[in-house]
Amino acid sequence: MAATLIVARVLIPSESAIDDAAGMAFALAWLVVAALAALLGWRTEDDAWRCSPLDGALLALAGCFLLSGYLAMQTGSPRPAINGAWLWVSLLAGIVVLRRLVRTDRERRALVAVMVALAGALGTLGIEQFAVELPATRRAYFANPDGALRAQGIWYAPGSRERMLFEQRLQSTEPFATFALTNSLAGFLAPWLAVAAISTWQERRALPQRTAVWLGPLLSCVPIAACLLLTKSRSAWLAVMAGVALWMLWQLRQGSWWRGKWFAAAAGVVVAAFAIAAAIGAIDREVFTEAGKSLGYRGQYWQATAAMIADHPWIGVGPGQFQEYYTRYKAPTASEVVADPHNFLFEVAATAGLPALLLALLVAPLAWREARRAKTVDSSLGQSDSAAWILGGAIAGFFLAWPLGWLAQTGPSVTAFFVGLPAMLVALGLWHFWGNEGQLDNRVVGLGIFVLLFNLLAAGGIGIPGVAGSLGLLLTLWVGTPASTNSSSSSASRFTAAGLAGGFALLAVACYWTAYRPVTLAQAARQVAIDDPRHAESHLIDATHADSTAAQPWRDLASWRFARWQATPTPENWQGTAEAIGEGLKRSPNAAVGWYQAGNMHLAAHRALLGGKHLAEAIGAFQEAVELYPNHAEYRGTLAVALADSGEAAEARSAAERALELDRVTPHVDQKLSDGLREQLTKLLAGQSPP
C-alpha cells in the first residue's frame, strides 16, 4: 500500500495538492496506512515500535503544523490551513511508520530500484515532451491562435499584454513530466540520479565482472540525467554536482584511489552532454547569463520572508497562507507573487514558526545517530521480506493514479501512462539483479538527502508532496529500523504501537471529516455547475454548504451572480451578488486579489446605479487590497480613480502618484499599469477628470 501511494503521488501533479481533493485523498490514505502498520506492530509485539527521540521530534513537528493550522483558521483562510496541516502531518506520520515496515536490505534496495525506475520513467516522459509534445502544441497554437485559445476556454485579445505573456510561456522548452512546474520535476530527479549513479559506480569498482549488477542500472541513469539537463534547473544541477564532489572527497579521505582516466571520462561526458544540449537548442546562453538575476529574485523572496517571520515568529502564518501574506512584504521590483520562499528553512519557519524550524533542524543530528545504529537484516539469511510486494505495489501505483487523478485539478495524461509505464518496467528489469545481489551503501542514501536539501535551499518543493515524499523516503531508508536497547523494549514497543495506532486512526477520522469529505463534495458540486450552467447557481450553493470553510465556492457564486446582475441589473440580483462577495471575503480575508475583485464589482454597481453606497464599498475594498499588497501598481491606480470619483482629490492624487511610481520602477511587464489606466492617472494628475 505504501509503495502504491508513493508512486501514484508522483504521477499526479502535486503543486496544487493543498487545494484539490486528490491531495486530501493521499493524506487520508497515508494516515490509514500508518494506523494499520502500528496496529500490526501491536499485534505482533514488534520491538521496533519503541519510541525514539527522532520519532518524538517528528511527531512534535507534526503537532506544530497542526497548531499553526488551527490558529490560521481563525485569522486567515481556513480551507488552505486545514488542508496544508494534513499534508504535513501525513508526511511526517509516513516517515514514522515506513521505517518500521522496511526491514531487510533487499526491501531497501527494492524501494531504491522503484524510485530510480520511476525517475527514469519521468525522465523518458520529459524527453518525449521536449522532442514531440511541446513542439506540436506550439505548432498547433501558432497555426490558429484564436481557435487554440477558445478551445482552452480562455481569450486574450491580439496584441494584448496577456496574449504576449501567454505566448512567451508557450515558447518554453523545459519539460515538466507529471509535475506542473519544471523545477519540481528537477527537484524529484536530482537525488535519485545521484543515488543511482553512485550506487552502480560502487558496484563497478567492487566487482567489475558482475556486469549485470552495474551496467544496466548505470545505463538507466541516462534518461534521468538527460531530462534533468533539459529542465535548465541550475539549483538542481549544482545540487548533483555538489553531491558528487562530496562523495569524491569522502572517498579520498578514506584512502580510495580514483584513477585519472575516470575523472577525465566523467568530465568529458558532462561537457559532451552540455554541448549536445546546446546544439539542439535545449540550453541557451541565458541559462548561464541569467543566473545572477535568478539569484537576485531569490534574495527578494528571502528578504520578504524574513520580514514575515519577524512579524510571526512563534507559530508562523499557517499552512497554505504564505502566498496571501507574501504580498504585504513583496518588494516593488520583485518578479512575482510566489507560493513559497524557494528555501525549505524559510518555508518551515514562515509556515509554523521558529520552534518548528528548530525541531526540523533537530531531526538531522537525531537521524544521524539512529542511522549509525540502524538495524537491517540480510534477506539472504532466510529472513522473509516484502520486496515483491513493493515492486507489485509500485506498478499498481500507475493504475491507482488514474482514478485519483480524477480528484485532482489535472490528472495524469494518456502519454504519461503509455510512455511512463513501459519505461518504468524496463528500468525495473535493468535494476533487477542489483536489487537481488547488489549492495546499498547507507552513505549514498545520506548523499541523496544532501542533494535534495541542497536543491531545496534555492528552490521550492518542501511543501510539494511529489518532492517532499522523496525526502521522507530517503530519510526512512537512511535511519533504518529502530534497534532494541534492552530486554523490556518489547512491552514498551507494544504499548507505543497501540498508542500510535489509536492516534493515527483518530487523525484519519479527523482528516476525513475536516478535509477529504468537504473538499471532495464541494469540488464535485463546482464541476457539476460547469457541466450544467443552467442550474449553476443551485450547484454552487450546494458547494458552499458542502464546504463551509472554503472561499472558492463563494467566489464562483459571486462571479455567477455578478454576471446575472450585469445582464439584469435589479436590486434583488445585486443583493445576492453582495452576499456572495462578503461570504467569500470572510473566508479569505488576507487575499488582496479577492478584495480587488470585490472593489471592481462594487465600482461597476456604482457606475450602473449611481449609488454612493456602492462607491464607498468599492473604495473600502480597494483600500484593503492596497493594504494587503502595497506595491501593486494596478491596485493603487484603480483606488486613485475611485477616490477621484468620490471627490477626494488629495487622496486620489497621492494614490495616482504612487501607482505611476510603482509602474516606473518595476521591470516586469505583467506588473505594469494597463495603457488605459495609465492614461487615466496621467489626466488625473494633470487636473483633468478621468473618463
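Residues numbered from 1 in each chain as written. Predicted model: local features only at pLDDT ≥ 70, side-chain atom pairs only at ≥ 80, totals over all residues. Heavy atoms only, no water.

## A closer look at the overall build of the chain
To keep it simple, the criterion reads: Counting from the N terminus, the helices are DSSP H or I runs at least four residues long and the strands are E runs at least two residues long. Here the radius of gyration uses the C-alpha set of atoms, whereas the globule reference equals 2.2 Å times the residue count to the power 0.38. Classification of residues uses two cut-offs on accessible area relative to the type maximum, computed with a 1.4 Å probe and protein chains only: under 20% is buried, over 50% is exposed, and between them is partly exposed. Only heavy atoms matter for contacts: two residues are in contact if any of them lie within 4.5 Å across the pair. Every accessible area reported is derived by Shrake-Rupley at a probe size of 1.4 Å, with residue values counting cover from the shown protein chains alone. We count Lys and Arg on the positive side and Asp and Glu on the negative side, and we leave His and both chain ends out. A charge is said to be at NZ when it belongs to Lys, at CZ for Arg, at CG for Asp and at CD for Glu.
Looking only at helices and strands, the chain features 30 helices and zero strands. The C-alpha atoms of the chain give a radius of gyration of 27 Å, which matches the 26 Å a tight globule of 691 residues would have. The C-alpha extent of the chain, read off along each of the three principal axes, is 85 × 60 × 45 Å. In the chain, buried positions account for 52% of the 691 residues. Taking all contacts inside the chain whose residues are at least 6 apart in sequence as the whole, residues at least 24 apart take part in 77%. Carbon and sulfur atoms form 63% of the exposed surface of the chain, whose accessible area is close to 30000 Å². Side-chain charges in the chain split into 52 positive and 51 negative, and the spacing between the mean points of these groups amounts to 7 Å.

## Focus: the environment of Leu219
By secondary structure assignment, the location of Leu219 is in helix H9 (residues 211-230). Taking the C-alpha atoms as reference, Leu219 lies 9.2 Å from Ala427; in sequence the two are 208 residues apart.

## Some remarks on the packing of aromatic side chains
Operational definition: Two aromatic rings, drawn from Phe, Tyr or Trp (for Trp, its six-membered ring), form a pair once their centres lie within 6.5 Å of each other, and the interplanar angle then sorts them: stacked below 30 degrees, edge-to-face above 60, tilted otherwise. Two thresholds decide whether a charge sits over a ring: the Lys NZ or Arg CZ must be within 6 Å of the ring centre and within 35 degrees of the ring normal.
Under the criterion given, the structure shown has 19 aromatic pairs. Each ring, one from Phe65 and one from Trp88, has its centre 4.2 Å from the other, and the planes form 5 degrees; the classification is stacked. With Phe65 in helix H3 (residues 53-75) and Trp88 in helix H4 (residues 78-101), this pair connects stretches of sequence that are 23 residues apart. For Phe65, a relative accessible area of 0% gives the class buried. Of the residues examined, Trp88 reaches a relative accessible area of 12% and is grouped as buried. With a centroid separation of 5.8 Å and an interplanar angle of 65 degrees, the aromatic rings of Trp247 and Trp250 are classed as edge-to-face. Here Trp247 pairs with Trp250, and both are found in helix H10 (residues 234-253), just three residues apart, close to one helical turn. The exposure class of Trp247 is buried, given its relative accessible area of 3%. By way of ring pairs, the aromatic residues Phe399, Trp402, Phe417 and Phe418 are connected into one cluster. Positioned above the aromatic ring of Trp250, the side-chain terminus of Arg443 is 5.3 Å from the ring centre.

## A look at the nonpolar core
What tends to happen in soluble globular proteins is that the nonpolar side chains get buried as a cluster. Spelled out, the test is: Buried Ala, Val, Leu, Ile, Met, Phe, Trp, Tyr and Cys residues that are joined via side-chain atoms within 4.5 Å together make up what is termed a nonpolar core.
Formed by 148 residues in total, the largest nonpolar core has its most connected members in Leu118, Leu122, Phe188, Trp192 and Met424. Top contributing element to this core by residue count: helix H2 (residues 21-43), with 14 residues. What Leu122 contacts, discounting residues up to four positions off in sequence, is Val10, Leu11, Ala177, Thr178, Phe179, Leu185, Phe188 and Cys227. Counting residues in each nonpolar core, the second largest holds 44 residues, with Trp565, Trp595, Leu603 and Ala655 among its members.

## A closer look at the pattern of salt bridges
Note the cut-off: Here a salt bridge means any side-chain nitrogen of Lys or Arg lying within 4 Å of a carboxyl oxygen belonging to Asp or Glu.
Here the structure, examined in full by the defined rule, presents 18 salt bridges. For the salt bridge of Asp55 with Arg99, the shortest nitrogen-to-oxygen distance reads 3.1 Å. With Asp55 in helix H3 and Arg99 in helix H4, this pair connects stretches of sequence that are 44 residues apart. For the pair shown, Asp55 and Arg99 are each scored as buried. Note that Arg678 and Asp675 form a salt bridge whose closest N and O atoms lie 3.1 Å from each other. Residue Arg678 and its partner Asp675 are both found in helix H30 (residues 675-685); the two are separated by three residues, about one turn of the helix. Among the ionic contacts, a cluster of salt bridges with common partners joins Asp55, Arg99, Arg100 and Glu370.

## Section: helix H26 (residues 592-609)
Test applied: Given the number of residues in a helix, its expected span is that number minus one, multiplied by 1.5 Å.
Between the first and last C-alpha of H26 there are 26 Å, a value that for 18 residues agrees with the 26 Å anticipated at 1.5 Å per step. All of the buried residues along H26 are Ala592, Gly594, Trp595, Tyr596, Ala598, Gly599, Met601, His602, Leu603, Ala605 and His606.

## Digging into the packing of helix H5 (residues 105-143) against helix H18 (residues 414-430)
For any two helices packed against each other, the geometry comes down to the angle between their axes and how far apart the axes lie. Which entries qualify depends on this criterion: Comment: axis = line fitted to C-alpha atoms, over the contacting stretch for helices; angle = value between 0 and 180 degrees taken between N-to-C directions. Here the angle decides the label: under 35 degrees means roughly parallel, over 145 means roughly antiparallel, 65 to 115 means roughly perpendicular, and every other value means oblique. By definition, turning the near helix anticlockwise from the far helix through less than a right angle yields a left-handed crossing, and turning it clockwise yields a right-handed one. In the scheme used here, Gly and all other residues not listed as nonpolar or charged are polar, with Ala, Val, Leu, Ile, Met, Phe, Trp, Tyr, Cys and Pro taken as nonpolar and Asp, Glu, Lys and Arg as charged.
Following both chains from N to C, one finds H5 and H18 inclined at 135 degrees, their axes separated by 8 Å at the closest point. Here H18 runs oblique to H5, going by the angle between their axes. Where H5 crosses over H18, the two elements pack in a sense that is right-handed. Listed contacts from H18 to Ala113, Val114, Ala117, Leu118, Ala121, Thr124, Leu125, Glu128 and Glu133 of H5 are Thr415, Ala416, Val419, Gly420, Ala423, Met424, Ala427 and Leu428. Tallied by class, residues from the contact of H5 with H18 come to twelve nonpolar, three polar and two charged.

## So, the environment of Ala245
Structurally, Ala245 can be placed in helix H10. By relative accessible area, Ala245 is classed as partly exposed at 35%. On a C-alpha basis, the gap between Ala245 and Ala307 in space is 35 Å, while along the polypeptide they are 62 residues apart.

## Side note on the packing of helix H13 (residues 291-311) against helix H14 (residues 322-329)
Taken N-terminus to C-terminus, the directions of H13 and H14 make an angle of 100 degrees; their axes are 9 Å apart at the nearest point. Considered as vectors, H13 and H14 are oriented roughly perpendicular to each other. Where H13 approaches H14, its residues Gln300, Tyr301, Ala304, Thr305, Ala307, Met308 and Asp311 are matched on the opposing element by Phe322, Tyr325, Tyr326 and Tyr329. Of the residues in the contact of H13 with H14, the class split is eight nonpolar, two polar and one charged.

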